[in-house]
Amino acid sequence: LSHNLCTVLNVPHDPVALEEHFRDDDEGPVSNQGYMPYLNKFILEKVQGNFDKVEFNRMCWTLCAKKNLSKSPLLISDEDAFKVWVIFNFLSEDKYPLIIVPEEIEYLLKKITEAMGAGWQQEQFDHYKIALNTSREGLSAWELIDLIGSGQFSKGMDRQTVSMAINEVFNELILDVLKQGYMLKKGHKRKNWMERWFVLKPNVISYYVSEDLKDKKGDIILDSNCCVEALPDKDGKKCLFLIKCLDKTFEISASDKKKKQEWIQAIQSTVSLLRAGSAPPHKEARQKRKELRQKLLAEQEQLERQMKELQAANENKQKELETVRKQLEAAAARAAEEEKKRLQTQVELQDRFSLELEREKMVRQKMEEQVAQKSSELEQYLQRVRELEEMYKQLQEALEDEKQARQDEETVRKLQARLLEEETAKRAELEKWHLQQQQTIQMTEAEKQELENQRMMKEQALQVAMEQLKQLELERKEALEQYEEVKKKLETAANNTKSWKDKVAHHEGLIRLIEPGSKNPHLITNWGPAAFTEAELEQRQRSWKGKKATSE
């Protein structure tokens, strides 16, 4: 085995190394685990790549075919089975044990069906793929040979057609044959035309006497500098084209215009791949399919990981929900117990609420009476203000400016007093309501629910009272501003009437200048507070008596 491997792989055989490696195993047979290190170290590591891969595959086929190939009769020959086996090694995944996935099986069966000239049965393969995916990831080499040899996807085709299709796919995928066929070639010396079998590969066009490839006549080496051109018909030859290389030029005649165009396009595509440094189309397509499968596999693994994470999160959520459900059940039991207690206390509190409501009604009636009393007092107060205004009008001829100033001052002062009085009353009322609200807040939760509507009404009344209080404060501020303006006017009027005051200083008192009142208690007349104090009245009486005694 080692000698044959070295011969096929063009590696020098070293029998001494073989004996040295297996010298301790003379007592029994060598297992594959013991042979693999020798194979890797002394044979495979020395391979340079300049060996016939087909011969190497034939040797490997010889080693494994007899043991693994099915004994049941197949519609394909042993040679075709060998080619299917080699194609399997090219299309299989890069992991052991080797399998070919359903996508590559579909690709291979499509290629064979197209080579046979038959139509592809996609629905039939879909059924087969579904049955395959339920049991395994793919097929082994021997299962693939059984599938193709069974004729399941080549019904109606004879053995020769299937064999030719397998050979065509083998040439394309394994031997890198891009195109092949008979054409006429013009000689370089005799200038005669000879029919040759041309085979186009990624870097060379080989031509043979016949399609059995036994008698090779030459090669046309292709590189990035080569080009192909169509030629006009001449010398009785049609469908001509020219292949230009660095050292030679080749004139070739195709059988028809279609073949001519196909060969020109194939050679141009090959030269373009050489210029771009790209792999043959089938190898590049295989790499792309493999990358796509790896990408889909990675996405599937990522999706599976996400599904596992979501499943774990869902399980955690289920546990949390179960815990919450138990807590809710316990809370419901506690709530039911509390509801029983609440119903018991509610009956006890209803009587108390009735008494409280009666008290609230009495308090409201008292407040209404107080409001009515305040309204009456306000009306009386306004009546007195009107009487003062009438009295000021009677004195307008003598003291028009000063009277107006004093009247404004008196009006502002009374308005301020009224506002202060109202503000005090409102504040007392607010404090009372505040105390009542605090008492209401101290009630139990059940009591709050029953008195909620009343509290809302009180809060609205309190809000209205607060707005009135704010309004009174604004009016008081305006009254103060008016008082300052009246005071200024009063000073101006006092300066204007200073001379007049001297003239009436000794008058008997029928007309008295209005001056700011002192802080002493004032006298009350029928028209309201007097414009002078009791001490001033006594002083005026003494002055009258002295004048009267002098006149007598």
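As the structure is a prediction and not an experimental result, all values here were calculated from the model. (Residues numbered from 1 in each chain as written. Predicted model: local features only at pLDDT ≥ 70, side-chain atom pairs only at ≥ 80, totals over all residues. Heavy atoms only, no water.)

The strands making up a sheet are joined through hydrogen bonds of the backbone, oriented either antiparallel or parallel. The sheet built from seven strands is open, its strands ordered β4-β3-β2-β1-β7-β6-β5 with antiparallel pairing. Of all the strands in the sheet, the pair left with one neighbour each is β4 (216–221) and β5 (227–231). Across this sheet, the average inter-strand angle for adjacent strands is 35°, counted without regard to direction. As judged from the five bridges shared by β5 and strand β6 (residues 240–244), these two strands associate in the antiparallel manner. (Pairing = 2+ DSSP bridges. Helix = DSSP H or I, 4+ residues; strand = E, 2+ residues; numbered from the N terminus. Axes fitted to C-alpha atoms, helices over the stretch in contact; angles between N-to-C directions.)

Turning next to the environment of Gly149. Among the structural elements, Gly149 can be located in helix α8 (residues 141–149). Sequence separation between Gly149 and Ser72 is 77 residues, and the spatial gap between their C-alpha atoms is 9.9 Å. Other than its neighbours up to four places away in sequence, Gly149 contacts Leu74, Leu75 and Ile76. (Contact = heavy atoms within 4.5 Å.)

Turning our eyes to something else, we now look at the packing of aromatic side chains. Each aromatic ring pair is characterised by the separation of its centres together with the angle its planes make. Taken as a whole, this structure holds twelve aromatic pairs when the rule is applied. Geometrically, the ring pair formed by Trp61 and Trp85 is tilted, given 5.6 Å between the ring centres and 55° between the ring planes. Here the residue Trp61 occupies a position in helix α4 (residues 53–68), and Trp85 occupies one in helix α5 (residues 78–91), the gap between them amounting to 24 residues. Relative accessible area serves as the criterion here: at 12%, Trp61 is assigned to the buried category. Between Phe198 and Trp263 the ring centres are 6.4 Å apart and the planes differ by 70°, which places this aromatic pair in the edge-to-face class. Of this pair, Phe198 sits in strand β2 (residues 193–201) while Trp263 sits in helix α10 (residues 257–276), and the two are 65 residues apart along the sequence. (Phe/Tyr/Trp six-rings, centres within 6.5 Å; stacked < 30°, edge-to-face > 60°. Buried < 20%, exposed > 50% of the residue type's maximum accessible area, 1.4 Å probe, protein only.)

Two elements in contact, helix α6 (residues 102–116) and helix α7 (residues 122–133), have axes whose closest approach is 11 Å; the angle formed by their N-to-C orientations is 150°. Between α6 and α7, the angle falls in the class roughly antiparallel. When the axes of α6 and α7 are compared, the crossing they make is right-handed. Mapping the contact onto sequence places Pro102, Glu103, Ile105, Glu106, Leu109 and Lys110 in α6 and Gln122, Phe125, Lys129, Leu132 and Asn133 in α7. Split by residue class, the contact of α6 with α7 holds five nonpolar, two polar and four charged. (Parallel < 35°, antiparallel > 145°, perpendicular 65-115°, else oblique. Left-handed = near helix turned anticlockwise from the far one by under 90°. Nonpolar A, V, L, I, M, F, W, Y, C, P; charged D, E, K, R; others polar.)

Trp61, Trp85, Ile105, Leu108, Ile112, Ile145 and Ile148 are the most contacted members of the largest nonpolar core, which has 39 residues in total. Going through the elements one at a time, α4, α5, α6, α7, α8 and α9 (159–173) are the ones with two or more residues in this core. In terms of residues, this core owes the most to one element, α5, which gives nine residues. By size, the runner-up hydrophobic cluster in this structure holds 21 residues, among which are Leu200, Ile220, Leu222 and Ala266. (Core = buried A, V, L, I, M, F, W, Y, C linked by side-chain atoms within 4.5 Å.)

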